Amino acid sequence: MLRLSAVSLKDSPVNTLAIPVCEDAAIHDNPEVNQLIEQALQLEEFSGEIGQQVILYHPENTRIRRCQFIGIGPKKKLTAENLRAFAGKAVQAALGVKEKELLLAVPLSGQLGLDPRLGIQSILEGAALANHIFDKYKKKKERAALKQISLLVTPETAKRYKSLAADVEAVALSTLQAREWVNMPSNEKTPGQFAQIVVEAAGKARLKSKILDQAQLQRKKFGALMAVGSGSAHPPRLVELMYAPKNAKKTIVLVGKGVTFDTGGINIKPSSGLETMKSDMAGAAAVAAFMLAASRLKPKHRLVGILPLVENMPSGSATRPGDIVTSFSGKTVEIGNTDAEGRLILIDAMAYAVKQYKPDILIDMATLTGACVVALGERMAAVFSQDDELAGAVVDAGQAAHERCWRMPMPEDYKELLKSELADISNMPSTRYGGAISAALFLSEFVGDTRWAHIDIAGPAYVKKGSDYCGSGATGFGVRLLWELIGKM
Ligand code: BES
Ligand code: ZN
Ligand code: ZN
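Let me sum up the structure you'll find in this document. (Residues numbered from 1 in each chain as written. Chains lettered and ligands numbered in written order. Predicted model: local features only at pLDDT ≥ 70, side-chain atom pairs only at ≥ 80, totals over all residues. Heavy atoms only, no water.)

Things to note about the nonpolar core
Our working definition: For the purposes of this section, nonpolar cores are sets of buried Ala, Val, Leu, Ile, Met, Phe, Trp, Tyr and Cys residues that join through side-chain atoms within 4.5 Å. We call a residue buried when its accessible area falls under 20% of the maximum for its residue type, exposed when it is over 50%, and partly exposed in between, using a 1.4 Å probe and counting protein chains only. In what follows, a contact means two residues having at least one pair of non-hydrogen atoms within 4.5 Å.
Counting residues in each nonpolar core, the largest one holds 57 residues, and the members touching the most others are Trp-181, Leu-254, Phe-290 and Ile-455. Among all residues touching Phe-290, those that are not within four sequence positions of it are Leu-254, Leu-303, Val-479, Leu-482, Trp-483 and Ile-486. In this structure, Ala-224, Val-325, Ile-345 and Met-350 belong to the second largest nonpolar core, which totals 50 residues.

Description of the coordination of the zinc ion (ligand 3)
Stated precisely, the cut-off is as follows: Sodium, potassium and calcium take a 3.2 Å donor cutoff, other metals 2.8 Å, and in both cases only N, O and S atoms count; water is not among them, so sites may look incomplete. A site with four donors is called tetrahedral when every donor-metal-donor angle falls between 85 and 135 degrees; four donors are called square planar, and six octahedral, when opposite donors sit more than 155 degrees apart and all other angles fall between 65 and 115; any other arrangement is irregular.
Bound to the zinc ion (ligand 3) are the protein donor atoms Lys-257 (NZ), Asp-262 (OD), Asp-280 (OD) and Glu-341 (OE), situated 2.0 to 2.5 Å from the metal. Around the zinc ion (ligand 3), the 6 donor atoms are arranged such that angles at the metal cover 77 to 174°; this shape is classified as octahedral. Between the donor residues of the zinc ion (ligand 3), the gaps in sequence give the motif K-x4-D-x17-D-x60-E. Under the relative-accessibility criterion, Glu-341 is labelled buried at 0%.

A word on unusual backbone geometry
As a reminder of what qualifies: Helix and strand definitions follow DSSP, with helices as H or I runs of at least four residues and strands as E runs of at least two, each counted in order from the N terminus.
Here Asn-61, not a glycine, exhibits a phi torsion of approximately 55°, which is positive. If you trace the backbone, Asn-61 turns up in the loop between strand E3 (53-57) and strand E4 (64-71). Given a relative accessible area of 80%, Asn-61 falls into the exposed group. Despite not being glycine, Lys-298 has its phi angle at roughly 55°, a positive value. Inspection of the secondary structure assignment puts Lys-298 in the loop between helix H9 (282-297) and strand E11 (302-312).

Observations regarding the sheet that holds strand E12 (residues 324-326)
Put simply, the rule is: The criterion for strand pairing is that DSSP finds at least two bridges linking the strands in question.
The strand order E12-E13-E17 describes an open sheet built from 3 strands, whose pairing is mixed. Either end of the sheet is taken by a strand with one partner, and the two such strands are E12 and strand E17 (425-426). With 2 bridges connecting them, strand E13 (residues 332-334) and E17 associate as parallel partners. Bridge pairing in E17 places Val-333 opposite Ile-425.

Some thoughts on the packing of aromatic side chains
Basically, it comes down to this: Classification of ring pairs uses Phe, Tyr and Trp, with its six-membered ring standing for Trp, and accepts pairs whose centres are within 6.5 Å; under 30 degrees between planes counts as stacked, over 60 as edge-to-face, and the remaining range as tilted. Definition used: whenever NZ (Lys) or CZ (Arg) falls within 6 Å of the ring centre and also within 35 degrees of the ring normal, the charge is taken to sit over that ring.
Summed over the entire model, instances satisfying the criterion amount to 7 aromatic pairs. On the basis of an interplanar angle of 55° and a centroid distance of 5.3 Å, the ring pair of Phe-222 and Tyr-352 is categorised as tilted. Of this pair, Phe-222 sits in the loop between helix H7 (214-219) and helix H8 (223-229) while Tyr-352 sits in helix H10 (residues 342-357), placing them 130 residues apart in sequence. Under the relative-accessibility criterion, Phe-222 is labelled buried at 0%. Taking the relative accessible area as the measure of exposure, Tyr-352 reaches 3% and is therefore buried. Taking 5.8 Å as the distance between ring centres and 90° as the angle between the ring planes, the aromatic pair formed by Phe-328 and Tyr-352 counts as edge-to-face. One end of the pair, Phe-328, is in the loop between E12 and E13; the other, Tyr-352, is in helix H10, and 24 residues separate them in sequence. Connected via pairs of aromatic rings, a cluster forms that spans Phe-222, Phe-328 and Tyr-352. Positioned over the ring face of Phe-446 is Lys-331, at 5.2 Å from the centre of the ring.

Section: empty space enclosed by the protein
In plain terms, the rule: A 1.4 Å probe that fits but cannot get out identifies a cavity on a 1 Å grid over protein atoms alone, an open set with protein on both sides within 12 Å along at least five of seven lines counts as a pocket, and a residue lines either if it has an atom within 4 Å of a point. Grid points are joined across faces, edges and corners, and a volume is the space filled by probe spheres set on the points. Any residue that is not Ala, Val, Leu, Ile, Met, Phe, Trp, Tyr, Cys, Pro, Asp, Glu, Lys or Arg is counted as polar, Gly included; the first ten are nonpolar and the last four charged.
For the structure on display, the rule yields 2 cavities of 30 Å³ or more. By volume, the largest cavity amounts to about 80 Å³. Lining the largest cavity are 13 residues, and of these Ala-227, Val-228, Asn-312, Thr-319 and Thr-338 sit closest to its centre. Across the lining of the largest cavity, the residue classes break down as 7 nonpolar, 5 polar and 1 charged. Roughly 30 Å³ of volume is contained in the second largest cavity. In terms of lining residues, the second largest cavity is bounded by Ala-178, Val-182, Ala-282, Ala-286, Ala-461, Thr-475, Gly-476 and Phe-477. Among the elements of the structure, helix H5 (162-183) and H9 are those that each provide at least two residues to the lining of the second largest cavity.

Written out as structure tokens, the structure is:
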């Protein structure tokens, strides 16, 4: 789908060309592109301000049918994210007119003040991530994704960054896969079904995998996970995905919360917005999709993805508030609230990961708390870690991917909020204030001294309003973040 192309605008016919235009500087090297921009800037309605768009049809002395100009604002403020947005807008417009291919002009040159590799990567990312249509459940398919997106560059640039397009495409396709899974309705992704879907995808990507079923989970004493799954007609699963290159130095385990639907259980949630709780497996989707990308991109560390999968339902067999269960770690947990189920499945998966794989680094990703959305909104995740270096690495990766992560504190004295009269710990804090923090502190009791970071993606995993390269609903948040993080470790 993605490629770098050194076509000549003079010689080749082009259906649609999109050009990013700065409002105060010339950022293109290509003389034909600069001539076209001159024409566009003659129009009163276009000056290159951010958000402006104009189309010239069959511009003079060219063989271009549709030439779209997109404002990207002042050069000084230009970021990688502006370029992703540019490419996303161009792709969305092309999809709207049922185009099959698209050519994107690339602003390069030293004049840009942006690393050329990053510039190209960002345009590739924005384009690939916007090139997707969710019509799986529509009988009539009105639009189709673009078959080919080409970046117009010089022959030298095309040669130098040849592998970049394929790498970006792999990560983007995985991100789109995560979006597909999260948008999928819960009647098609019960724990058993979703485990099967993931394992099939893993097989195609040549990843090793295994599924623990209900009987195995029972036997191995995943008591907290089983308690969450007990109310559902669809029993829990635990999926493991393995990527093991030769001579790997470190083992990194990634755990993703996989609640295929969260009703809240007996502490049932209010009906408003309940349908969005199909997205409560977005952590698992991001981890699984990232593992698929890893098998193609071959990072140097051993990676294990662990997905605890459950459906949180109220029923005659459901766990009751006040029930006490023994978790995988051996610690007992009072279930003060059946809606705080994510932390219950995570502690069993993480204690298992620590015992089984002795990871150098453990990362969990979860749509864990509404409190996190209140704190940081829909466009940022929270990262919790007692390890400054790891927390910093997650924040930096988030910056690079524009999947932003804000570090939150883990004050030791707040652990008091999790005291239980009867059991070792309660899953329900004694105050609703600081809910994202108390959830992270709860998890911290089950990872021993493993280097660990917890990423709460409850806000950005599933959004009301889309962006230039992502529609509303599932975002695939976390896939590119993990790629930036683990690619640099
Ligand atoms: N899945 C929810 C968290 C959530 C809320 C995700 C909004 C995405 C959007 C989680 O299982 C939950 O219900 N958490 C409770 C915890 C509370 C009962 C301690 C919450 O945040 O209210
Ligand atoms: Zn819940
Ligand atoms: Zn939940």
